[in-house]
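What the coordinates show
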Amino acid sequence: MKRTIRDVDVRGKKVVLRVDFNVPVQEGKVADDTRIKEALPTIRYLLDNGARVIILSHLGRPKNREPEFSLKPVYEKLKEYIDKVSFVPDCVGDEVERKVQELKDGEAVLLENVRFYKEETKNDPEFARRLASLGEIYVNDAFATAHRAHASTHGIAGFMERKVAGFLMEKEIKYLSHVLKSDERPFTVILGGAKISTKLGVIKNLLSRADKILLGGAMIFTFFRSQGIEVGKSLVEEEMLDEARRILSDAGKKEITFILPVDVVVADKPEEGVKTEVVSKNEIPQDKMGLDIGPVTRRIFQEALKGSKVIFWNGPMGLFEVPPFDEGSKSIAQAIVEETKKGAISVAGGGDTAACIHKLGLSGFTHISTGGGASMEFIAGEKLPGIEVLEDA
Ligand code: ADP
Ligand code: MG
């Protein structure tokens, strides 16, 4: 475990807090403030305990200080939740330094997008040193950016005496570690999403830990193809066929239940309002594409989830963005919520998976990770640079 803000005395101290405020902005307004809300417990704790808080974040991938990547709209939103916060349209330089010197205990300032400097993503040591010089304690709460070794997530820590995790970072590490380390059984994994290629590390790491792996999403068609099954116009990663065969054979050698769907929902094209049909996995018509798991599969998955003590879900079961192809994901998500009520620890990870759960309006998961790529790397067993640099407890 990592040290957290509870382990340092922040009163009267200047705290450089890295958060992930990389939120969608539309027409100058924050369209989804989930990530802002997730950072509030840390910000409020620091302010309530008399810290002077200097908030850093990135937004998008600016090339040249384009105004659409400004954190100003985020500031407008943040102000709705936090009273004593101001904004400076830069993250280093005279104006920033002046503002930081003026900060009083219990006040915060949000600085402009750190990626307005190309030094940020290059993890430039001089830029990192300048950011570090703004305060005395470094707090990283930006789990969703922790897989990047950038100046404000990695380099900065090398110039700070104290470097600890915020509450969101702590929560992410706690639950994702639980998925990887808990001895509680059975441990059931549901994997879906578009491609096997982006999930290889996750699949391999979980193959040696899970009791059951249930597969859905477009990736099943690559598995089916690798078994010689015709999949019509469904998405297939041709270059992953060997890998798919290897995964199936590895799973066969382990004491793991590896369940592929038995039926799928197919249609002519991935569009709302098209005629759909349920077919067995062996009878996918040549001119149709598989867009969701079928009703029999949903029941099998629901049964398989019963009694689970630990559940990890990554990857939607179908093309959830286009109804009715969100039905498979919905039934699985509901089943996970049911098991959670009975005491299972349920964790969801992945950008689209989180979006899918939010779209379905479901609550009741133990933890929905705010990290897409970061949660995938964590579950794949990789070390994340933004976590590595923090003090061990
Ligand atoms: P995550 O971001 O949660 O890791 P992925 O990026 O791997 O998830 O996959 C999510 C995408 O997979 C979604 O856009 C979803 O529409 C798509 N998808 C899932 N099943 C299918 C399918 N049968 N056909 C086409 N796309 C699918
Ligand atoms: Mg995705």
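Residues numbered from 1 in each chain as written. Chains lettered and ligands numbered in written order. Predicted model: local features only at pLDDT ≥ 70, side-chain atom pairs only at ≥ 80, totals over all residues. Heavy atoms only, no water.

What to know about helix 9 (residues 295-305)
Along an α-helix, residues three or four apart share an orientation, since each turn contains 3.6 residues. Selection rule: Whether a residue is buried, partly exposed or exposed follows from its accessible area with a 1.4 Å probe, protein chains only, as a fraction of its type maximum: under 20%, in between, or over 50%, in that order. Helix and strand labels come from DSSP, where a helix needs a run of H or I of at least four residues and a strand needs a run of E of at least two; each type is numbered from the N terminus. Arc definition: directions from the helix axis to the C-beta atoms.
Listing the buried residues of helix 9 in full gives Thr297, Arg298, Phe301, Ala304 and Leu305. End-on view of helix 9: buried residues confined to an arc of 125°, all on one side of the axis. A positive phi of about 85° marks glycine 307, the residue just after helix 9.

Re the site of ligand 1
Note the cut-off: Summary of the distance rule: residues count as near a molecule or strand when at least one heavy atom falls within 4 Å of that molecule or strand. Any N or O atom pair separated by 3.5 Å or less is treated as a polar contact, with the protein-specific requirement of one donor-capable and one acceptor-capable atom, and with residues adjacent in sequence counted only for side-chain atom pairs. Note that accessible areas follow from Shrake-Rupley with a 1.4 Å probe, and for residues the cover is restricted to the protein chains shown. Throughout this entry, Asp, Glu, Lys and Arg are counted as charged residues, while Ala, Val, Leu, Ile, Met, Phe, Trp, Tyr, Cys and Pro are counted as nonpolar. The remaining residues, Gly among them, count as polar.
Taken together, 19 residues lie around ligand 1, and Lys199, Asn314, Glu321, Asp352 and Thr353 are the ones closest in. The separation between an oxygen atom of ligand 1 and a polar main-chain atom of glycine 351 is 3.4 Å. A total of 580 Å² of accessible area belongs to ligand 1 in isolation, and the protein chains cover 86% of it. Of all the elements, helix 11 (residues 351-360) adds the most residues to the shell around ligand 1, at 3 residues. Each residue belonging to the shell around ligand 1 can be placed in one class, and the counts come to 8 nonpolar, 8 polar and 3 charged.

So, helix 6 (residues 200-207)
Counting buried residues along helix 6, 6 of its 8 residues qualify, which places the element largely inside the surrounding structure. Restricting attention to buried positions, one finds in helix 6 the residues Leu200, Val202, Ile203, Asn205, Leu206 and Leu207.

Examining the packing of aromatic side chains
Worth spelling out the cut-off: Stacked, tilted and edge-to-face pairs are distinguished by plane angle, under 30 degrees for stacked and over 60 for edge-to-face with tilted covering the rest, among Phe, Tyr and Trp rings (Trp via its six-membered ring) whose centres lie within 6.5 Å.
Enumeration according to the criterion identifies 7 aromatic pairs in this entry. For the ring pair phenylalanine 223 and phenylalanine 258, a centre distance of 6.2 Å and an interplane angle of 75° mean the geometry is edge-to-face. In this pair, phenylalanine 223 is assigned in helix 7 (residues 219-226) and phenylalanine 258 in strand 11 (residues 257-259), connecting sequence segments 35 residues apart. Overall, phenylalanine 223 belongs to the buried group, its relative accessible area being 0%. With a centroid separation of 6.3 Å and 25° between ring planes, the pair formed by tryptophan 313 and phenylalanine 365 is classed as stacked. On the criterion of sequence distance, the pair formed by tryptophan 313 in strand 15 (residues 310-314) and phenylalanine 365 in the loop between helix 11 and strand 17 (367-368) is long-range, its members being 52 residues apart. The burial state of tryptophan 313 is the same as that of phenylalanine 365; both residues are buried.

Digging into the packing of helix 6 against helix 8 (residues 241-253)
As a reminder, the rule being used: Axis lines are fitted to C-alpha atoms, over the contacting stretch for helices. Their N-to-C directions set the angle, which ranges from 0 to 180 degrees. What sets the label is the angle itself: under 35 degrees gives roughly parallel, over 145 gives roughly antiparallel, 65 to 115 gives roughly perpendicular, and the rest give oblique. Whether two residues are in contact is decided by their heavy atoms: any pair within 4.5 Å suffices.
At a minimum axis distance of 11 Å, the contact between helix 6 and helix 8 shows a crossing angle of 10°. What the angle tells us is that helix 6 and helix 8 run roughly parallel. Residue-level contacts link Leu200, Ile203, Lys204 and Leu207 of helix 6 to Glu243, Ile247, Asp250 and Ala251 of helix 8.

Observations regarding the domain arrangement of the protein
Put simply, the rule reads: An automatic or database domain assignment is the source of the domain bounds shown. The term buried area means the drop in 1.4 Å probe accessible area that two parts suffer when joined, counted for both and summed. One speaks of a salt bridge when a side-chain nitrogen belonging to Lys or Arg is within 4 Å of a carboxyl oxygen belonging to Asp or Glu.
Under the domain assignment used here, the protein contains domain 1 (5-167) and domain 2 (175-379). Here domain 1 and domain 2 have C-alpha centroids that lie 35 Å from each other. Contact with domain 1, which involves 6 residues of that partner, is made by 10 residues of domain 2. Of the roughly 620 Å² buried between domain 1 and domain 2 on both sides combined, carbon and sulfur atoms contribute 67%. Summed over the shared surface of domain 1 and domain 2, the number is 0 salt bridges. Summed over the shared surface of domain 1 and domain 2, the result is 1 residue pair in polar contact (both at pLDDT 80 or more). Grouping the constituent residues of the side of domain 1 that touches domain 2 by class yields 2 nonpolar, 2 polar and 2 charged.

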